[in-house]
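# Close look at the chain arrangement
What follows is the residue order along each chain.
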Amino acid sequence: MNSSLLKKIVFSLLLIATINYGFAQSPILSENARVSVLTCGIGNESYSLFGHTAIRISDPSQFIDLVYNYGAFDFNTPNFVAKFTKGDLQYFAVAHPYTDFINDYTYERRSVYEQELHIPDSLKQKLFDNLNTSLASGESHYTYKFIDKNCTSMVVDIINKTLDTTAIVKNTDTDISYRTILYPYFDGHFYEKLGTSIIFGKKVDQLGTKIFLPFELNKSLKTVKFDKQLLAKENKTLLAFNEPAPSSWWNNFYAYGLLLGFILFMNRKIINQIYLLLMGILGLFFLFVGFYSSHHELAYNYNILLFNPALLVMLYFWYTDKKKWIYNGSLFNLLCLVVYLFMMMNKAHLLIVSPLIITTGVVLVKLALKNKKKLPIII
């Protein structure tokens, strides 16, 4: 566990102890108290590509300025990668001083925007109480789910709970898929975009009717009404960084296209075998995580029609030089590829997987023609 996270957790424990033992309830907020939703810009790490959401409680009269963050996790959790893949990694909330929070984002050069909630003082107190109760009782611990349960959805849930109504709902981009919503966040991160495109299955092709990303919440709050008035005031910029998208000589579409073009141009047996081997192994992995993981986004992954485990069977026949079965295996995989292409016609990731479809198709057609049984010529 890094020192920054440890510091935040210690502060949270001290806060909880103060609330539990120093007061009968949370400190009483003054009429000067403000509650707001903080939306944080994207970062370059994989876990920060989509931004972050937090809640700020500020009351200068009481010397309170806290940020409640539902996106904490411990890298030192035993079997961290396995738990994350399985879908049972525990996330939790921490509360830390606003100055620490803003200093962290200043250091990371990530923008931060604030939307103050326009609610009565009684509901500000109720939200403060609910946040502290959540920390003290362990309710803030949750099993992370990419769409259904994350730092943004937890903020939405606790605010709606405080307002005693489902005030905050998704009201923008509900006519496009989750996959389409995700794509703009991958600027400068081509292989991350490709990776999510091929590992995510049917669920992310559904219409994006749930708020699951920080900037979706930010956009929705601009139009949400409560008690016949806008719930959130205008966006206030706390930090602004206009960082250019990262560039890389290899992490882009052109390097990806050149690599696949090299495979087709060389047309060597060993290169084609390695390519098909990797495609088949990825297919086995997708099949495994689809059954193993509790992440619904990974289930029903039709991309295995492209990353087909049947390629591994065909490779065995190729290695043992069984021409008939090489031919039949090639035809079967080509048929799967045609079915996949038809399924992809209305999908957001058709363009990004097209080079893989073309490369696999060309390799399989050449293999089928080479091993097709020649008909005898009768004169």
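Refer to the structure printed above.
Anyway, here's the lowdown on the structure attached to this text. (Residues numbered from 1 in each chain as written. Predicted model: local features only at pLDDT ≥ 70, side-chain atom pairs only at ≥ 80, totals over all residues. Heavy atoms only, no water.)

## Comments concerning the nonpolar core
Put simply, the rule is: Put simply, a nonpolar core is a bunch of buried Ala, Val, Leu, Ile, Met, Phe, Trp, Tyr and Cys residues held in one set by side-chain atoms that sit within 4.5 Å of each other. Here's how the labels work: a residue is buried when its accessible area is under 20% of the maximum for its type, exposed when over 50%, partly exposed in between, all with a 1.4 Å probe on protein chains only. Only heavy atoms matter for contacts: two residues are in contact if any of them lie within 4.5 Å across the pair.
If you look at the biggest cluster of nonpolar residues, it comprises 86 residues, and the most contacted ones within it are I57, I159, L231, L306 and L356. With residues near it in sequence (within four places) discarded, I57 still touches L29, R34, V35, I64, D65, L66, Y68, F128 and L131. In this structure, Y98, F101, V112 and F241 belong to the second largest nonpolar core, which totals 11 residues.

## Notes on the packing of helix 11 (residues 310-319) against helix 12 (residues 323-343)
Defined as follows: Only the stretch in contact is used when a helix axis is fitted, and all axes are lines through C-alpha atoms; the angle between N-to-C directions ranges over 0 to 180 degrees. Counting from the N terminus, the helices are DSSP H or I runs at least four residues long and the strands are E runs at least two residues long. These descriptions rest on fixed angle ranges, namely under 35 degrees for roughly parallel, over 145 for roughly antiparallel, 65 to 115 for roughly perpendicular, and the rest for oblique. By convention, the crossing between two helices is left-handed when the near helix turns anticlockwise from the far helix through less than a right angle, and right-handed when the turn is clockwise.
Two elements in contact, helix 11 and helix 12, have axes whose closest approach is 8 Å; the angle formed by their N-to-C orientations is 160 degrees. Between helix 11 and helix 12, the angle is such that the two are roughly antiparallel. The hand of the helix 11/helix 12 crossing is left-handed. On the side of helix 11, the interface is formed by A310, L311, M314, F317 and W318, while helix 12 contributes W325, I326, G329, S330, F332 and N333.

## Remarks on the pairing of strand 4 (residues 90-97)
When a strand is regular, its side chains alternate between the sheet's two faces. The condition is simple: Think of it this way: DSSP has to see at least two bridges between two strands before they count as a pair.
Of all 8 residues that make up strand 4, 7 are buried, and the element is covered over most of its length. As defined by bridge partners, strand 4 adjoins strand 6 (residues 142-143) across 2 bridges and the pair is classed as antiparallel. In the sheet register, Y91 faces strand 6, and the bridge partner there is Y142.

## Examining a nonpolar patch on the surface
Which entries qualify depends on this criterion: Like-charged residues are merged into a patch within 9 Å and nonpolar side chains (Val, Leu, Ile, Met, Phe, Trp, Tyr) within 5 Å, provided each residue has over 30% relative accessible area and no salt bridge. Per-residue and other accessible areas were derived by the Shrake-Rupley procedure at a 1.4 Å probe size, with only the shown protein chains allowed to occlude residues. When a carboxyl oxygen of Asp or Glu lies within 4 Å of a side-chain nitrogen of Lys or Arg, that pair is called a salt bridge.
On the surface, I270, I274 and L278 cluster together to form a nonpolar patch covering roughly 290 Å² of accessible area. Relative to the elements of secondary structure, L278 occurs in helix 10 (residues 269-292).

## A word on the sheet that holds strand 3 (residues 64-72)
Spatially, 7 strands are ordered 6-4-3-2-1-5-9 in an open sheet, and the strand pairing comes out antiparallel. Looking at strand neighbours, the two that pair on one side only are strand 6 and strand 9 (236-239), the edges of this open sheet. Bridge analysis of strand 1 (residues 34-40) against strand 2 (residues 52-59) gives 7 bridges, and the strand direction is antiparallel. Counted as the bridge partner of C40 is H52 from strand 2. Sitting on the sheet, helix 3 (residues 98-108) is in contact with strand 1, strand 2, strand 3, strand 4, strand 5 (112-116) and strand 9, with an inclination near 110 degrees to strand 4. Strands in contact with helix 4 (residues 121-137) are strand 1, strand 2, strand 3 and strand 4; relative to strand 3, the strand with the most contacts, it is inclined by about 50 degrees.

## Points about the pattern of salt bridges
On inspection of all chains with the given rule, the structure shows 14 salt bridges. Where R110 meets E108, a salt bridge forms, and the shortest distance between an N and an O atom there is 3.0 Å. Overall, the relative accessible area of 6% leaves R110 in the buried class. Between R179 and D205 there is a salt bridge, and its shortest N-O distance comes to 2.9 Å. With R179 in helix 6 (residues 178-182) and D205 in the loop between helix 7 (190-199) and helix 8 (214-221), this residue pair connects regions lying 26 residues apart in the sequence. Linked through salt bridges whose partners overlap, the residues forming this network are R34, R56, D65, E114, E116 and K233.

## A few points about the side chain of S197
Note the following rule: Two N or O atoms count as a polar contact when they lie within 3.5 Å, although within protein this holds only if one can serve as hydrogen donor and the other as acceptor, and sequence-adjacent residues are included solely when both atoms are side-chain atoms.
Among the structural elements, S197 can be located in helix 7. Take S197: its relative accessible area is 1%, and that puts it in the buried class. Of the polar contacts made by the side chain of S197, one reaches the backbone oxygen of K193; its length is 2.7 Å. Contacts of S197, omitting those with residues within four sequence positions, involve R179, Y183, N303, H349 and I352.

## Re unusual backbone geometry
Here F63, not a glycine, exhibits a phi torsion of approximately 60 degrees, which is positive. Counting through the fold element by element, F63 comes out in the loop between strand 2 and strand 3. A positive phi angle, near 60 degrees, is found at D321, a position not held by glycine. Mapping D321 onto the fold places it in the loop between helix 11 and helix 12.

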